Amino acid sequence: MFGKSGSKRDVLTGVEIGTSTIKVVMGEFLPDGTLTVLGTGEAPSMKVVKGEITDLGLVREQLETALMLAEKASGEEIADIFLAVSGGHVRAVNSNGSTVVQGQDQRVAEADVVAAIHNARGYTLPPNQKVIHSLDRAYMLDDNREIARPLGLRSSKLEAEVHIVYGQRNRLETPCELLNDVMGYPPTDIAFSGVAAALSVFSPEEAENGALLVDVGAGVTEYVLYHTPGYLHTGQITVGCDHIVNDLAIGLRLPIARCRQLLHDLSQIGSAVMKPDGRDRVLKVDLTGKGMRRIPVSTIEKIIELRLQELFEA
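Every residue gets a number counted from 1 within its own chain, in the order that chain's sequence is written. In keeping with the model being predicted, local features are shown solely for residues with a pLDDT of at least 70 and side-chain atom pairs are shown and tallied solely at 80 or more, while totals for entire chains, interfaces and linings include all residues. Hydrogen atoms and water are omitted, and side-chain values are computed over all heavy atoms in the structure.

Peer 1: What is the right way to read the packing of aromatic side chains from this model?
Peer 2: Working definition: an aromatic ring pair is given by the centre-to-centre distance plus the angle between the planes. Two rings from Phe, Tyr or Trp (for Trp, the six-membered ring) form a pair when their centres sit within 6.5 Å of each other. Planes less than 30 degrees apart are called stacked, planes more than 60 degrees apart edge-to-face, and all others tilted. Tallied over the full model, the rule gives 2 aromatic pairs. Their ring planes at 85 degrees and their centres at 5.8 Å tell us that Phe202 and Tyr226 sit as a pair that is edge-to-face. Here the residue Phe202 occupies a position in the loop between helix H4 (193-201) and helix H5 (204-208), and Tyr226 occupies one in strand S13 (residues 221-227), the gap between them amounting to 24 residues. Residue classification places Tyr226 among the buried positions, given a relative accessible area of 6%. Residues Tyr226 and Tyr231 carry aromatic rings whose centres are separated by 4.7 Å and whose planes lie at 40 degrees to one another, so their mutual orientation is tilted. Across the pair, Tyr231 and Tyr226 agree in class, each one buried. Among the aromatic residues, those joined into a cluster by ring pairs are Phe202, Tyr226 and Tyr231. Where helices and strands are cited, they refer to DSSP runs of H or I of at least four residues and of E of at least two residues respectively, numbered from the N terminus. Note on classification: 1.4 Å probe, protein chains only; a residue is buried when its accessible area is under 20% of the maximum for its type, exposed when over 50%, partly exposed between these limits.

Peer 1: Got a minute to help me understand the nonpolar core in this structure?
Peer 2: Of all hydrophobic cores here, the largest spans 39 residues; its most connected members are Val15, Leu63, Leu67, Ile132 and Met183. Every residue pair with non-hydrogen atoms within 4.5 Å of one another is taken to be in contact. Excluding its chain neighbours within four sequence positions, the residues that come into contact with Leu63 are Val15, Ile22, Leu178, Leu179 and Val182. Buried residues of nine kinds, namely Ala, Val, Leu, Ile, Met, Phe, Trp, Tyr and Cys, make up a nonpolar core once their side-chain atoms join them within 4.5 Å. Counting 19 residues, the second-largest nonpolar core is a separate cluster that includes Ile244, Ala249, Leu252 and Leu266.

Peer 1: Explanation requested: unusual backbone geometry in the structure shown.
Peer 2: It is generally the case that most residues other than glycine have a negative phi and that most peptide bonds are trans. Positive phi outside glycine occurs at Lys50, with the angle close to 50 degrees. Assignment of secondary structure puts Lys50 in the loop between strand S4 (48-49) and strand S5 (52-53). You can call Lys50 partly exposed: its relative accessible area is 29%. One non-glycine residue, Arg253, lies in the positive phi region at around 55 degrees. You can see Arg253 is positioned in the loop between helix H6 (241-252) and helix H7 (256-269). On the basis of relative accessibility, which here comes to 76%, the residue Arg253 falls in the exposed class.

Peer 1: It is not clear to me how a nonpolar patch on the surface should be interpreted in this structure. Could you clarify?
Peer 2: For patch building, the residue pool is restricted to those with more than 30% relative accessible area and no salt bridge; the joining distance is 9 Å between like charges and 5 Å between nonpolar side chains (Val, Leu, Ile, Met, Phe, Trp, Tyr). Method for areas: the Shrake-Rupley scheme with a 1.4 Å probe, in which residue coverage is limited to the protein chains shown. Within this document, salt bridges are pairs made up of a side-chain nitrogen of Lys or Arg and a carboxyl oxygen of Asp or Glu, the two lying within 4 Å of each other. On the surface, Leu212, Val214 and Phe312 cluster together to form a nonpolar patch covering roughly 290 Å² of accessible area. With respect to the helices and strands, the residue Leu212 is situated in strand S12 (residues 211-216). Note on Leu212: relative accessible area 52%, which makes it exposed.

Structure follows, in structure tokens:
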């Protein structure tokens, strides 16, 4: 069914096993560096909680479906796979490392930069933790100047700061082993979903000027903060749209499935923040054999606003 493609095309595949859906996207880089999407596949994800797999057998079936749909849509076989990972176990820390500038004129050379970064990446994690990313952040010269590009500048010492994203080893290996079982080979690499999303929406210039990404998923909300000249902080909160759905079910006394649809329908006429005219707008909910129920949009918006307020103030 699946296997390494014999095609000379350099087709890359991204896979995300999310709380509500499993998504697969296949694409390739054009000669001008533009990434073009060849095809996508998606399947419901019914046994993933807050980004973590709870039933390997069922998730495997769903994963196979999403992969097949992507291959069918693209007309290409899946080859190199990059896996997006998330979950409450993912953490981040900024680590510093320094080196004495070796040149006689004390100008920072490439070797000094490499040595400082190497020392910064030497941050010791517990044995059960695994590094996902080690991202260059900033450099400091000996007069405490923070700078993005130290090459050629005079300093007796160079300090580097890197942003390390890491997670619990076994919980990271589980989806990797699942892909290996399905495909016959492991993913080429893994990435924290928040970092992958930030790289897809921010240009280098936007990131350098400072930017914040907030990605509210079904079970996890991820965030990435850029502050010139690099990553300042990344992380996630294990609260997402499923919590909003649950709040609606309790507040409106409706089944979960109805509340999922209601949240979807609200995007057409409402918002996450209450509007002055909310009491004048009504959603009609079919109770299947029990008639129609009219629910003021303001009531729905208030429940959503309270949950999002809690989320963004956390």
